Amino acid sequence: IFWSEGMKDFRHIALFVLLVGAVPFFTQSGVVLNFVMTALYACLLSQAWNVLGGFGGQFSFGHALFFGTGAYVQAIAQMQWGLNPWLALPVAVAFAAGVGAFVGAASFRYGLKGSYFALVTLAFAEVFRIVATSVQFTGAGVGLMLPLRESAANMQFGSRAGFIWLMLGLVTLALCVTAWLRHSRFGAYLQAVRDNEDAARAIGVNPFSVKLIATILSGGLMGAGGAFYVQVFQYIDPGIAFGSHTSVEALVGAIVGGLGTLWGPLLGAISLHILADLTRNLFGQLPGISMVIYGGVLILIVMFLPRGIAGLGAITPLQWLRGHKPSDGEKP
């Protein structure tokens, strides 16, 4: 059953790739292409957070830590180490995954979870921001700006189409990781730890190693998002790299879409991206209005759709109006 369901997920992923990958062939509108690119970028961040927060139940408030690590390593590898951007990308992902391993080992070794783990990740992100502001190889408070060398070989494409296909590849990787978690033995271990860590330990699961691997996977995917950001905007500074906005965007997209699901984070990220564009057009003169609306949407989702947009079809309208919450036998 797992194998047939897993193949079904991978077929759906392949269909998604074909549909989105074909968009640049049907339109040259800069507005449409830019929307698709930024929506895919938001999807990657949400999927990265979902690996640890959705499947592992380890809520992080500081995923910008991994994003910023990937962004800075991508820039430094090109400007100071002389690496080609295509070679710098896996290096950036590896560094972000390594930071995930360090944070996970330091946190889970001492049994930190829940709000304690969330605050620790937030604290690590702030520490990295302060360090990046203070040292010279990160450009200190000024940041780093990549030189413009427009070519596909330099990962600086002449149109948004190239960036769409690059981001689509990264999102596809994240979706495949998520599909694997849904149907693999390791994914079952991770979800068992999420649901009841003591019970999982009683049946032979090692919660420390399972959560550590999930943190490494999540950190690596988030680092890929940071590396992509640098290639698109050719600039990074400590506020952008380790700021709270990136962490909020990642976690809200996953929660709104549906934790621990394959397509939920993608649905949540796209919905919030559309909402953010609308609020910028309608309330562009009010700074911070998008964060206020994010908070309001999150409250409504928690109250009325605890399983997110992906779980909307699983409850009746009456249950929805009553603010239905999953019972013990239902998947959260």
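For the structure given in this document, a descriptive report is provided here. (Residues numbered from 1 in each chain as written. Predicted model: local features only at pLDDT ≥ 70, side-chain atom pairs only at ≥ 80, totals over all residues. Heavy atoms only, no water.)

1. Considerations on the packing of aromatic side chains
By the definition in use, this model includes 17 aromatic pairs. Relative to Phe 67, the ring of Tyr 41 has its centre 6.4 Å away and its plane inclined at 65 degrees; by these criteria the two rings are edge-to-face. With Tyr 41 in helix H3 (residues 30–53) and Phe 67 in helix H4 (residues 64–79), the pair connects residues that are 26 residues apart, well separated along the chain. Under the relative-accessibility criterion, Tyr 41 is labelled buried at 12%. Residue Phe 67 is classed as buried on the basis of its relative accessible area of 0%. Centroid distance Phe 102 to Phe 124: 5.7 Å. Interplanar angle 80 degrees. Geometry classified as edge-to-face. (Phe/Tyr/Trp six-rings, centres within 6.5 Å; stacked < 30°, edge-to-face > 60°. Helix = DSSP H or I, 4+ residues; strand = E, 2+ residues; numbered from the N terminus. Buried < 20%, exposed > 50% of the residue type's maximum accessible area, 1.4 Å probe, protein only.)

2. Some words on the side chain of Ser 184
In this structure, Ser 184 sits in the loop between helix H7 (160–183) and helix H8 (185–195). Among the polar contacts listed, one links the side chain of Ser 184 to the backbone oxygen of Trp 180, at a separation of 2.8 Å. (Polar contact = N/O pair within 3.5 Å; in protein donor to acceptor, adjacent residues only side chain to side chain.)

3. Topic: the nonpolar core
By size, the foremost hydrophobic cluster in this structure holds 87 residues, and its most contacted members are Phe 16, Leu 40, Tyr 72, Met 167, Phe 228 and Ile 236. A total of 13 residues in this core trace back to one element, the largest contributor, which is H3. The contact partners of Leu 40, leaving out residues within four places of it in the chain, are Phe 16, Val 20, Ile 164, Met 167, Leu 168 and Val 171. (Core = buried A, V, L, I, M, F, W, Y, C linked by side-chain atoms within 4.5 Å. Contact = heavy atoms within 4.5 Å.)

4. Comments concerning the packing of H4 against helix H6 (residues 115–134)
Axis separation between H4 and H6 bottoms out at 9 Å; the angle between their running directions is 30 degrees. Classified by the angle their axes make, H4 and H6 are roughly parallel. Contacts between H4 and H6 pair Leu 65, Thr 69 and Tyr 72 from the former with Phe 124, Ala 125, Phe 128 and Ala 132 from the latter. Split by residue class, the contact of H4 with H6 holds six nonpolar, one polar and no charged. (Axes fitted to C-alpha atoms, helices over the stretch in contact; angles between N-to-C directions. Parallel < 35°, antiparallel > 145°, perpendicular 65-115°, else oblique. Nonpolar A, V, L, I, M, F, W, Y, C, P; charged D, E, K, R; others polar.)

5. A short note on the environment of Ala 105
Structurally, Ala 105 is set in helix H5 (residues 85–108). Along the chain, Ala 105 and Ile 164 lie 59 residues apart, while their C-alpha atoms are 35 Å from each other. Among residues more than four places away in sequence, those in contact with Ala 105 are Phe 208 and Leu 212.

6. Re the pattern of salt bridges
Following the criterion strictly, the structure yields six salt bridges and no others. Put simply, Glu 197 and Arg 201 hold a salt bridge, and the shortest N to O gap is 3.3 Å. With Glu 197 and Arg 201 both in helix H9 (residues 197–202) and four residues apart, the pair spans about one turn of that helix. Judged by relative accessible area, Glu 197 falls into the buried class, the value being 15%. Here Arg 201 and Asp 198 are joined by a salt bridge, their closest N and O atoms 3.2 Å apart. (Salt bridge = Lys/Arg side-chain N within 4 Å of Asp/Glu carboxyl O.)

7. Side note on the packing of H5 against helix H10 (residues 207–233)
Close contact between H5 and H10 brings their axes to 7 Å; oriented N to C, the two are set at 145 degrees. Every pair of crossing elements has a handedness; the one defined by H5 and H10 is right-handed. On the side of H5, the interface is formed by Pro 85, Leu 89, Ala 92, Val 93, Ala 96, Ala 97, Gly 100, Ala 101, Gly 104, Ala 105 and Phe 108, while H10 contributes Phe 208, Lys 211, Leu 212, Thr 215, Ile 216, Gly 219, Gly 220, Gly 223, Ala 224, Ala 227 and Gln 231. (Left-handed = near helix turned anticlockwise from the far one by under 90°.)

8. Some remarks on unusual backbone geometry
Positioned with a positive phi, Met 155 is a non-glycine residue whose angle comes to about 55 degrees. Looking at the element boundaries, Met 155 is found in the loop between strand S1 (144–145) and H7. In this model, Gln 234 sits at a positive phi of 60 degrees, which is unusual for a non-glycine residue. For Gln 234, the location among the structural elements is in the loop between H10 and strand S2 (235–236). Classification of Gln 234 as buried rests on a relative accessible area of 18%.

9. As for helix H13 (residues 264–282)
For H13, built from 19 residues, the straight-helix expectation of 27 Å at 1.5 Å per residue is met to within 8% by its first-to-last C-alpha distance of 27 Å. Of all the positions in H13, only Gly 264, Pro 265, Leu 266, Gly 268, Ala 269, Leu 272, His 273, Ala 276 and Thr 279 are classed as buried. (Expected span 1.5 Å × (residues − 1).)

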